[in-house]
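An overview of the molecular structure
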Amino acid sequence: MSNIIFFLLLITSLIFPSISGECTSNTGFRTSLKRIDSLSTFTKQELISRAVQRSNERAQRLFSTSKVTTNSSNPVASVKILVRPSQGEYLMDLAIGTPPRPYSAIFDTGSDLIWTQCSPCVLCVDQPTPFFDPLASRTFSRLNCSATLCQALDYPLCYQNVCVYIYSYSDGANTAGVIANETFTFGTNKNNVTVKNIAFGCGNLNEGYLYNGSGMVGLGRGPLSLVNQLGPRKFAYCLTYFYTYTGSPLLFGSMVNQSSTSITGPFQSTPFIINSALPSLYYVGLIDITVGKTRLYIPASAFALNSDGTGGTIIDSGSSITFLYIDAYNLVQQAFQTQVNLTMVSNTNYGLDICFPWPPAPNKNIQIPSLTLHFDGANMTLPQLNYMLFDQVTSLYCVAIAPSYDGTIIGNYQQQNLYVIYDLENDRLSFAPARCDLM
């Protein structure tokens, strides 16, 4: 692999200049997110089954802090790679280069790097659009090794003053190539915004699966992420109902505000928590959970962020269902079992354990209890559509929460019709109920 990378660099070093400039944008724009299966013909049953399966795979890897180290005198082979979660549930439209070439890329709050597959492509995976051709763009320039964003890589590599990257994901997916600056175009057709000098990975060696996308857009906390390359450093989304094909609003910078006729309740805020072992992820302080009228008083240890980086609570765009640490999950399961006067069963289709036969007999007055997540300084009371799933095949009504032995993840299914603001300037997460389809 290292020989291939050197070969690519020798070719590109003859074509493209290296520069050290970086984005100095201070802009805002609005675009939309679409689910990765939105153009499919899957049934509702298949859509949720696929989403739950992807969520299980992502959850298994999201808390991984493993590192891969190779021992070689070769500067490309001697690389320490932080293993990141891959996959995602939403695609974001953008355009790269001058003239702009349109792409859809996986929107991911769990990683930082923006990247797409580039020609010449030595090893690439299928994608719905042609590979990006740097030769066809007037504004493509490779980043030199002294550039700040080159040094922001976990392990920056350098060859003939060209910034080289290798980015690895925990399912075995990889991308490798050069870090370059390029002009990106965001927004809708009517309100496009062009931003110069966005640093991104131009990948000539790529493995994995892109889920109907042509790369990834990292929205994590690190300096290479899109939100940190733009200004002001904030973004927001409002996820429409899971089974609709309506796009979900995505806003950046000055377009993020807390005044909209589509917002149906007050904003609440909770501070972000830094996990030095996984600094790109958005950790928040989950304190307790209420099921129905019963506050569970879950031990603080169930949600604690441990000194070794394990545990804690992540809010995540790439997981659909929520995963609760096992001690908290057991108490939630017990509360539903106590409050719902039906036999609790497991659903093998979805892999969920808090399920009830549905609909109940006509002579039974069954109420599904409400669900509230208590954060540090904020309470997220979820409508039933945000935490219950109906399986038409098995006629089971299931709580969209699964157990975890590593930590807690708040998934995007629980974030439906919530206007969620990631404010990195003030280091806090804010949210309010909203009609996302009308925003």
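For the structure itself, consult the block above.
From a predicted model like this one, the values you see are computed outputs, not experimental measurements. (Residues numbered from 1 in each chain as written. Predicted model: local features only at pLDDT ≥ 70, side-chain atom pairs only at ≥ 80, totals over all residues. Heavy atoms only, no water.)

1. Quick word on the overall build of the chain
Assigned secondary structure in the chain consists of five helices and 31 strands. Expressed as a percentage of contacts within the chain between residues at least 6 apart in sequence, the contacts between residues at least 24 apart total 72%. Here the chain displays about 17,600 Å² of accessible surface, and carbon together with sulfur accounts for 51% of that area. (Helix = DSSP H or I, 4+ residues; strand = E, 2+ residues; numbered from the N terminus. Contact = heavy atoms within 4.5 Å. Areas by Shrake-Rupley, 256 points an atom, 1.4 Å probe, with all protein chains shown as cover.)

2. Remarks on the sheet that holds strand 27 (residues 396-399)
With antiparallel pairing, four strands are arranged side by side in an open sheet as 22-23-27-26. Whereas interior strands pair on both sides, the edge strands pair on one side only; in this sheet they are strand 22 (345-347) and strand 26 (388-391). The sheet shows a mean angle of 45° between the axes of neighbouring strands, direction not considered. Here strand 22 runs beside strand 23 (residues 352-357); their pairing, made up of two bridges, is antiparallel. Its bridge partner lying in strand 23, Asn347 is registered against Leu352. Across the sheet, helix 5 (residues 326-339) lies against strand 23 and strand 27, angled at about 5° from strand 23, the strand it touches most. (Pairing = 2+ DSSP bridges. Axes fitted to C-alpha atoms, helices over the stretch in contact; angles between N-to-C directions.)

3. Thoughts on helix 2 (residues 44-62)
Each α-helix winds once per 3.6 residues, and so residues spaced three or four apart point in a common direction. Taking 1.5 Å per residue, 19 residues should reach 27 Å; helix 2 reaches 26 Å between its end C-alpha atoms and fits that length. Of all the residues in helix 2, the buried ones are Gln45, Leu47, Ile48, Ala51, Val52, Arg54, Ser55, Arg58, Ala59 and Leu62. Against strand 6 (101-108), strand 20 (313-315), strand 21 (322-325), strand 26 and strand 29 (408-410) lie the buried residues of helix 2. (Expected span 1.5 Å × (residues − 1). Buried < 20%, exposed > 50% of the residue type's maximum accessible area, 1.4 Å probe, protein only.)

4. Regarding the side chain of Gln117
Structurally, the position occupied by Gln117 is in strand 7 (residues 115-117). A distance of 2.7 Å separates a polar atom in the side chain of Gln117 from a polar atom in the side chain of Gln127. Within the structure, Gln117 has its side chain in polar contact with the side chain of Asn206 (distance 3.4 Å). Leave out the neighbours within four places in its chain, and Gln117 touches Cys124, Val125, Gln127, Phe131, Phe132, Gly203, Asn206, Leu210 and Ser214. (Polar contact = N/O pair within 3.5 Å; in protein donor to acceptor, adjacent residues only side chain to side chain.)

5. A short note on the side chain of Thr109
Here Thr109 shows up in the loop between strand 6 and strand 7. At a separation of 3.1 Å, a polar atom in the side chain of Thr109 contacts the side chain of Ser317.

6. Digging into the pairing of strand 10 (residues 162-168)
Here is the key point about a regular strand: its side chains alternate between the two faces of the sheet. The element strand 10 is largely enclosed, with a buried count of seven among its seven residues. A two-sided burial pattern is seen for strand 10, the buried positions comprising Val162, Val164, Ile166 and Ser168 on one face and Cys163, Tyr165 and Tyr167 on the other. Bridging between strand 9 (residues 157-159) and strand 10 involves three bridges; their strand directions are antiparallel. Counterpart to Cys158 in the pairing with strand 10 is Cys163. Count of turn residues in the strand 9/strand 10 antiparallel hairpin: two residues, of which Gln160 carries a positive phi of about 50°. Strand direction decides the pairing type here: strand 10 and strand 11 (residues 174-187), joined by five bridges, are antiparallel. Bridging from a neighbouring strand, Tyr167 pairs with Thr175 of strand 11.

7. Re the pairing of strand 13 (residues 215-218)
Burial along strand 13 is two-sided: Gly215 and Val217 and Met216 and Gly218, pointing in opposite directions, are all buried. The pairing of strand 6 with strand 13 spans three bridges and is classified as parallel. Looking across to strand 13, one finds that Asp108 is bridged to Gly218. Where strand 7 meets strand 13, two bridges bridge the pair, whose relative direction is antiparallel. Its bridge partner lying in strand 13, Trp115 is registered against Met216.

8. Remarks on the sheet that holds strand 24 (residues 371-375)
Ordered in space as 19-18-24-25, the four strands form an open sheet in which the pairing is antiparallel. Bordering the open sheet on either side are strand 19 (294-295) and strand 25 (378-382), each of which pairs with just one other strand. Where strand 18 (residues 286-291) meets strand 19, two bridges bridge the pair, whose relative direction is antiparallel. For Val291, the partnering residue across the bridge sits in strand 19 and is Thr294.

9. Section: the nonpolar core
Judged by nonpolar contacts, the single largest core of 76 residues is most densely connected at Met92, Leu226, Phe235, Ile289, Phe336 and Tyr422. Looking at this core element by element, the count peaks at six residues for helix 5. Setting aside its immediate chain neighbours within four residues, Leu226 contacts Met92, Asp112, Ile114, Phe186, Ile198, Val217, Gly218, Leu219 and Phe252. Grouped together as the second largest cluster of nonpolar side chains are 24 residues, Ile48, Ala51, Tyr283 and Tyr350 included. (Core = buried A, V, L, I, M, F, W, Y, C linked by side-chain atoms within 4.5 Å.)

10. Some remarks on unusual backbone geometry
Here the amide bond leading from Ser119 into Pro120 is cis, since omega sits at 0°, within 30 degrees of zero. Along the chain, the position of Pro120 falls in the loop between strand 7 and strand 8 (141-143). For the bond from Trp358 to Pro359, the omega torsion is 5°, close enough to zero to count as cis. When you line up the elements, Pro359 lands in the loop between strand 23 and strand 24. Backbone geometry at Asn161 places phi at a positive 65°, although glycine is not the residue there. Considering the arrangement of structural elements, one finds Asn161 in the loop between strand 9 and strand 10. You can call Asn161 partly exposed: its relative accessible area is 40%. Positive phi values are uncommon outside glycine, yet Tyr297 reaches one of about 50°. Structurally, Tyr297 is set in the loop between strand 19 and strand 20.

Note that all results are geometric; they support no functional claim without further evidence.
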